[in-house]
Structure formats: structure tokens, C-alpha cells
Amino acid sequence: MIVRIERLTGNADLGHYAFEALRYLPDGSVNPDCVFNQPRFANAPILLAGRNFGCGSSREGAVTALMAMGVRCVIAPSFGDIFFANCFRNGVLPIVLDEASIARLADSTELAVDLEQQSISASGKAFHFSVDALQREGLLEGLDEIGVTLKGADEIAAWQSMDRVQRPWVWQTEKVEV
Amino acid sequence: MARTLFEKIWDAHVVRDLGDGWALLHIDRHLLHDLSGPPALAEIAKRGLPVRNPELTFAVPDHAVSSAPGRAARTFELGGRLHGALKNYAEASRIRFFDLGQKGQGIVHVMGPELGLVLPGVTLICGDSHTCTNGALGALAFGVGNSESAHALATQTLRQRKPRLMRVRFEGELGIGVTPKDLILHLIGKIGAAAASGSAIEYGGSAIRAMSIEGRLTICNLSVELGAKYGLIAPDETTFLYLKNKPFAPKGSAFDRAIEYWRTLFTDEGVRFARDEVIDVADVAPTITWGTSPEHTIAIDGVVPSPDDQPDPEDRKAFSAALDYMGLAGGQPIAGTKVDWVFIGSCTNSRLSDLRAAAVLARGRHVASGVTAWVVPGSEQVKRAAEAEGLDGIFRDAGFEWREPGCSLCVAANGERVPPGARAVSTSNRNFVGRQGPLARTHLASPAMAVAAAITGQLSDVRSSESCNPLRRSPVPLFPCCRQMSIPT
């Protein structure tokens, strides 16, 4: 679990609570055995992860918690779908890479990720990754999706007028008694 | 051209084709709850944008509300603030709000179907990953994050990329003691928790066709535990019958007209799915999780797997860690493991049919000493219907706590939690590390299995003579897969 849902109900410092079950011992003290607590990985911006990372979660708090602990890129063999989409909408790059390549990345001393070139360099070796064109553009340019969509408000209005005729039952909600 | 059910609904909602599989989709229903509603509403308020279609938007508090008998919004302080924020925003934006104690309040994925807000062929979103539940009615329903929710509030649309399509057919008849929950847990165990990443799953087969809507909701609920954002089932006569006279479903001639359209919502002959699975239902036993992922399932009469037997090194690592957390050893029979807590509730299994199935087993028995057992009905409506049938009395007499509707111990975001180290049998959908509380150990199972565990104080086979007698002497089928249910007298 990346962050307990409870932590999202208040104004908690999510960076502190990210991966709390791993980073802290039951008494709240720092767990020295946890990889996140090793000084050489302090504020590391790239996270190498296992299968189905972020599975299940729809909470953007999971992404903001990662960001708050300094993570800007997650590399994993597979991701939860909603988490994957949430990453792009919050400026975190999720990269899908096969397990063997990730193991090789883990063995190298330094990693650099280049989104424009779609390439990861690891101690001199390069690994290519794919990213959806629209999502890549969104990350690189920081697109305001709501603003872009609202420019096409006429189109939405036209669709809705047509739908009110075709499926009137979808729209008749206001006088319903429960 | 032959199309799938999913594609028919998708195509009907494309406001603009964005290319490369992306589309701007119209959203017909937007449900907000106390945890994900306020931040999305705050986001558009900050930008000075109105809610574009409040008549298509509905709000209900469920996640952070106390389930204590006689609870109020402020019973759980933090939740009270979220409740207040959601209510204030809803009123200011003319969004329908279903408040605590009112008919309509409940777990968002329970109240939506029961009010007829979820209809075949609609697109529906909610800031919650179990929104896939609602696909049971033939809707394209999916979970979103706050940014997407804010986008939909402001524009009534979302930019989405079409997923891969996967089909799962459940064929055959369910054995005694086997419920829809067992079918879906069995499937997750068989194909894995990431098997459907990037996919929408359409469920079909004779077992699904014979299943009640409430059973189908349970099946679709766990789609996301297979990695799928969407799960859906083609609407049929069972669906139409379920929707008839639901408050928000069309009435009279409008209902007939709607059905005419809904009958076109099925997957055409000759469509090929990216993946096609068939489960022979006769192979499925009452199923329970042993570990910390919904894919860690075994039959209740099975043994806990040993990490050493796993060919994949990643699995070996994951299995060891899971067994360690759960306090179990590979090779031990799962049945007989001592239980401390039992939770019957959640958007998976808190509907009237679930509570009836549980009550049948609980009737005339008593929760084992040392076990805390809760029943949390999924909605105000479920609660009232159950009380009208006397189910609350059956549970209370048997030593269960009968509580107020909400998410409660499934997600432990309302101040309620399973204590550290305690072992819980839960009818919910996630057994992740710490999900029900720090260091809490969760076994996912059906309501019937949860009652069997509560009564015997250990993980028990619901088919065994001790726990199963009422099943065998019952004059009618008792499980949510069956259309007709009653309590034997």
C-alpha cells in the first residue's frame, strides 16, 4: 500500500506517510532495513517497482504521496490502470518495462530518464521505453485538459441536445422522489 | 461490423474522436462520495468553474462515516468535516445529496444500482476504483482520480483511451455453498491480479445469465482486483425486471422505449476478444484468500501454498512476505485457523441477498467467544428492508453487531479498524497489507463463509455439517446467484 486512505482524510504530510508500513517500525521509529531509509536513496526521483504497481487505487493521494517523497518517475513491469492515468495528470512519469531490464537498472549505479527521447540510461547502457503520444505531450507541456476541453464546449452542448432526444430517460432526474 | 457490448456503449458516447484510440467521452452519471467528492469540487471552484450538469451528478457520504449504531455525521470527527464539505458543495452546486439516515444514503456502489441511477448503456464515473461494480447492469462504469473527476464536473466529459477487451464466461451450475464471491475469487486466483491490466472485462456464460443482479454486482465489483478498470455484463430480462420501478429508472412508455434500446446492448456474434477465459463453475469450491493480494486464493478445504513450490522467484518472495504478514505457514490446511474478527459488509457483499444468506446460517447460533462480528448493511434501504424481515434480530441474537450503512471496516477510513495482529474474515474486496488497519490480517470470503467463521471461531468450510445444516434443509436456494430467496421458517 502506497498510502493509507485514512491519511488522505486530513491534511497530513503525505510524503511522511508514503509506504509507512515499510518505512517505519510499529513503534513509529525509522526502519533502518527499509531501502527508502538508506541515505544513498534519500530523495531519489526514480522508483523501481514490482508488478501491478499502484493496483486498485483511484486516489490521487497515492501519486501526491510519491511526489511528496521526491519520486518523479516509476518504472515497473505493470501498473494499476487508474494509478497509471493519475500519474500523468500529476506530473509523474510511469514507465512500463520488462522485469529483466528492471533488474539490470537496479544493478546500475546511476539512472537518467529522458522523456523526449523515451530512453533510460543506466551506467552507460540505454533502454528504450514507449509512452502514449498524447500523455507524453501532456507531461512535457503541462496541458490544461479542462481548458482544452472547454474550448469545444459547443460540441458537448450539441451532443447533449441530440442525446436528450434519443435517450430522454437519462436526463429525467430532477423531480424523482426516492 | 460486429462489435462488443463495450464498444457499442463507448461509440455511443464519443463527443470527439481524439485519435490513437483516445476519445472525448460523454459522462452520463457522476457519483461523488465524501472522500473523493470534496477535492474535485474544490478544484473547479478554485478555477471559478460551475458544475456543468448537476442533474447528472449525485453525492453521498459513505467512506469516512461512522457505522456505529445511532451515528451522526460528527461521530467520527474527521469524517464529519468531509461530510460537511461534500454537503455544502452539493447544495451550492444543486447536486442531489443523499444524507445520513435518508433513503438513498449508502455505499455509493450499493445505492447507485438500487436507486436506478445506474442504467444499461450509460457511462458512469466515481472517484473510486470499485466503480466497476456498476457494470453489472450493462453500464460502462469506471473509477477515476480527482483530476478526472474535476474535468467531468466542469465539462461532463472525459478523455479516455479505449482499453483492450477481455471476456470471461462462467459456465455451469454452482455447487452447494458456492456463491458469486467464490467464482470471482477463484478467477482472480487462477489468472492473477494483473491479468486484466489495461482491459475491460465482459462476463458471460450460463452461470452469469442465471445469476441475480446482486450476484452480478459482486462479480463486477472485483474486476479491478484483476487489474481491469471496467467489468460489465450485457443487460437481459433479469436486468429489466430489477430496474422496473426503481426511482431513477424510466417509467411507463419511457421504460418500454428504453428497453427497446437496451436490448441492442450485447456483443455481436463473431467478435474476437484479446483474451477469452472459460471457468467451469463445477470446479469452484467455497474460496478464501490466504495472503495479501486478492490473487492469493485457495479452496477452503485446501492447504496454504509454500513459497518453495513457486517456480517464479518474484512469487517466492511475495509468498514469503505474505505468509509472514498473515502469520501462516506454507503447507498448513487453511481451515481451522483461529479467527478474531468477522466483517460482513462493503460494496462487494452488503446487499439484501448477502445479508439473507448470512442470516440463514447465523439463525439460532452464536458467535464464538473471543470473536467480534459486525454486519454493516450497504445502504439505508438495505438496512430498512433487512429490519423489516427481522434479519437484524437474527444477527443480534447470534451475537453480531448490527450497524449503520457505510464502507466501514473494508477501507478503515472512518476510525474503525481491525486491531493490529487480529485475523479477520471479511466479505470485502481487498486484503492488502494494512488495509483494514495497521498489521490487520484479512481473509476475503463470501458472507456465508464469514458467518461460518464467526460461529466456529475459525476458518471453516461452509459445506461442513457444523456450519452447513441450514443450507441442506433449505426448501429454496439461498444464495445470491438465485433469483428467488427466502428464509426457511
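Residues numbered from 1 in each chain as written. Chains lettered and ligands numbered in written order. Predicted model: local features only at pLDDT ≥ 70, side-chain atom pairs only at ≥ 80, totals over all residues.

Engineer: Quick question: what am I supposed to make of the overall build of chain B here?
Structural biologist: Within chain B one finds 16 helices and 19 strands. Taken against the 2.2 N^0.38 rule, which gives 23 Å for 489 residues, the C-alpha radius of gyration of chain B at 21 Å falls within 12% of a compact globule. For chain B, the spread of C-alpha atoms along the three principal axes comes to 55 × 55 × 50 Å. Here chain B holds 489 residues, and the buried ones make up 62% of them. Nonlocal contacts in chain B, meaning residues at least 24 apart in sequence, comprise 75% of its contacts between residues at least 6 apart. (Helix = DSSP H or I, 4+ residues; strand = E, 2+ residues; numbered from the N terminus. Rg over C-alpha atoms; globule rule 2.2 N^0.38 Å. Buried ≥ 20, exposed ≤ 12 C-beta atoms within 10 Å, placed from the backbone. Contact = placed C-beta atoms within 7 Å.)

Engineer: For this particular structure, what's the right way to read the overall build of chain A?
Structural biologist: Along the backbone of chain A there are nine helices and six strands. For a compact globule of 178 residues, the expected C-alpha radius of gyration is about 16 Å, and chain A comes in at 21 Å, more than 25% above that figure. For chain A, the spread of C-alpha atoms along the three principal axes comes to 60 × 45 × 25 Å. When each of the 178 residues of chain A is scored for burial, the buried share is 29%.

Engineer: Can you help me understand the sheet that holds strand β7 (residues 140-143) of chain B in this one?
Structural biologist: Strand pairs in the sheet, formed through backbone hydrogen bonds, run parallel or antiparallel to each other. Residue and element names in this part refer to chain B. Strands sit in the order β5-β4-β3-β6-β7 across an open sheet of five strands; the sheet is parallel. The sheet is open, and its two edges are formed by β5 (96-97) and β7, each paired on a single side. Summarising the sheet, strand β3 (residues 29-33) and strand β6 (residues 123-126) pair through three bridges and their orientation is parallel. In the strand pairing of β6, Arg 29 is matched with Leu 124. (Pairing = 2+ DSSP bridges.)

Engineer: Hey, could you run me through the interface of chain B and chain A in this one?
Structural biologist: Many descriptions give the size of an interface as the accessible area lost when the pieces come together. The interface is formed by 60 residues belonging to chain B together with 44 residues belonging to chain A. Per element, the largest residue contribution to the side of chain B that touches chain A is six residues, and it comes from helix α5 (residues 146-155) of chain B. The residue inventory of the side of chain B that touches chain A, partitioned by class, reads 30 nonpolar, 17 polar and 13 charged. (Nonpolar A, V, L, I, M, F, W, Y, C, P; charged D, E, K, R; others polar.)

Engineer: Would you mind going over the sheet that holds strand β3 (residues 93-96) of chain A with me for this structure?
Structural biologist: All names here are of chain A. Here three strands make up an open sheet; going across it, the order is β1-β2-β3 and the pairing parallel. The two strands at the open ends of the sheet, each matched to only one other strand, are β1 (46-48) and β3. Put simply, the sheet's adjacent strands are angled 15° from each other on average, direction ignored. For strand β2 (residues 73-76) and β3, the ladder comprises four bridges, and the chain directions are parallel. For Ala 76, the partnering residue across the bridge sits in β3 and is Val 96. (Axes fitted to C-alpha atoms, helices over the stretch in contact; angles between N-to-C directions.)

Engineer: Please explain the nonpolar core as it appears in this structure.
Structural biologist: The nonpolar side chains of soluble globular proteins are, as a tendency, buried together. Core analysis: the largest hydrophobic core is formed by 190 residues, its most contacted members being Val 342, Ala 358, Met 449 and Ala 450 of chain B. Non-local contacts of Met 449 of chain B, meaning those with residues more than four positions away in its chain, are made with Pro 286, Ile 288, Ile 300, Val 425 and Val 462 of chain B. (Core = buried A, V, L, I, M, F, W, Y, C linked by C-beta atoms within 7 Å.)

Engineer: Just checking my understanding: could you explain helix α13 (residues 380-389) of chain B for this structure?
Structural biologist: Residues spaced three or four apart along an α-helix point in a common direction, a consequence of the helix completing one turn every 3.6 residues. What α13 of chain B keeps buried is the set Glu 380, Gln 381, Val 382, Lys 383 and Ala 386 of chain B. Phi turns positive one or two residues past the end of α13 of chain B, at Gly 390 of chain B, with a value near 85°.

Engineer: Which parts of the structure should I look at to understand the pairing of strand β16 (residues 372-375) of chain B?
Structural biologist: For a regular strand, side-chain orientation follows a simple rule: the groups alternate between the two sheet faces. Residues and elements named next belong to chain B. Direction of pairing for strand β15 (residues 341-344) relative to β16: parallel, over a ladder of four bridges. When the sheet's bridge partners are listed, Trp 341 is paired in β16 with Thr 372. For the segment spanning β15, helix α12 (residues 352-362) and β16, crossover handedness is right-handed. Relative to strand β17 (residues 401-402), β16 is paired through two bridges, and the arrangement is parallel. Bridge pairing links Trp 374 to Glu 401 in β17. (Right-handed = clockwise from strand over helix to strand, strands pointing away.)

Engineer: Please clarify how the environment of Glu 77 of chain B should be interpreted in this entry.
Structural biologist: As for its placement among the helices and strands, Glu 77 of chain B is situated in helix α3 (residues 77-93). Taking the number of C-beta atoms within 10 Å as the measure of exposure, Glu 77 of chain B has 13 and is therefore partly exposed.

Engineer: It is not clear to me how the packing of helix α2 (residues 37-46) of chain B against α3 of chain B should be interpreted in this structure. Could you clarify?
Structural biologist: Pairs of packed helices are described in terms of their axes, by the angle between the two and the distance that separates them. Residues and elements named next belong to chain B. Across the interface, α2 lies against α3 with an axial gap of 9 Å and an inter-helix angle of 45°. Judged by the angle between their axes, α2 and α3 are oblique. Handedness of the α2/α3 crossing: left-handed. Contacts between α2 and α3 involve Gly 37, Pro 38 and Leu 41 on the former and, on the latter, Leu 82, Ala 85, Leu 86 and Tyr 89. Residue composition of the contact of α2 with α3, grouped by class: six nonpolar, one polar and no charged. (Parallel < 35°, antiparallel > 145°, perpendicular 65-115°, else oblique. Left-handed = near helix turned anticlockwise from the far one by under 90°.)

Engineer: Looking at this model, I keep getting lost on unusual backbone geometry. Mind explaining?
Structural biologist: Residues other than glycine predominantly adopt negative phi, and peptide bonds predominantly adopt the trans conformation. All names here are of chain B. One non-glycine residue with positive phi stands out, namely Asp 20, at about 60°. Note on placement: Asp 20 falls in the loop between β1 (14-19) and β2 (22-26). Note on Asp 20: 11 C-beta atoms within 10 Å, which makes it exposed. Notably, Asn 245 is not glycine yet its phi reads approximately 70°, a positive angle. If you trace the backbone, Asn 245 turns up in the loop between α9 (237-243) and α10 (252-262).

Engineer: Mind showing me how you'd approach the confidence of the model for chain B here?
Structural biologist: Parts of the model with low pLDDT should not have their predicted coordinates read in detail. The share of residues in chain B with pLDDT of 70 or more is 95%, and the mean pLDDT across the chain is 94. Across residues 473-489 of chain B, confidence stays below pLDDT 50; counting only partners more than four residues off in sequence or on other chains, it has 39 contacts. (pLDDT = per-residue confidence, 0-100.)

Engineer: So what exactly am I meant to see when it comes to the pairing of strand β6 (residues 125-128) of chain A here?
Structural biologist: Residues and elements named next belong to chain A. Examined bridge by bridge, strand β5 (residues 119-122) and β6 share four bridges and lie antiparallel to one another. Bridging across to β6, Ile 120 finds its partner in Phe 127. Following β5, the chain reverses through two residues before pairing antiparallel with β6; Ser 123 in that reversal takes a positive phi of roughly 45°.

Engineer: Whenever I open this one, the environment of Leu 139 of chain A confuses me. Can you help?
Structural biologist: Residue and element names in this part refer to chain A. Position of Leu 139 among the secondary structure elements: in helix α6 (residues 133-141). Between the C-alpha atoms of Leu 139 and Leu 115, which are 24 residues apart in sequence, the distance is 8.9 Å. The contact partners of Leu 139, leaving out residues within four places of it in the chain, are Phe 88, Gly 91, Leu 93 and Leu 115.

Engineer: Got a minute to help me understand the environment of Gly 106 of chain B in this structure?
Structural biologist: Residues and elements named next belong to chain B. With respect to the helices, strands and loops of the structure, Gly 106 is situated in the loop between β5 and α4 (108-115). According to the C-beta neighbour criterion, Gly 106 is buried, with 30 such atoms within 10 Å. Distance from Gly 106 to Gly 406, taken between C-alpha atoms, is 5.6 Å for residues 300 residues apart in sequence. Contacts of Gly 106, omitting those with residues within four sequence positions, involve Val 60, Asp 62, Met 111, Gly 378, Ser 379, Glu 380, Gln 381, Val 382 and Pro 405.

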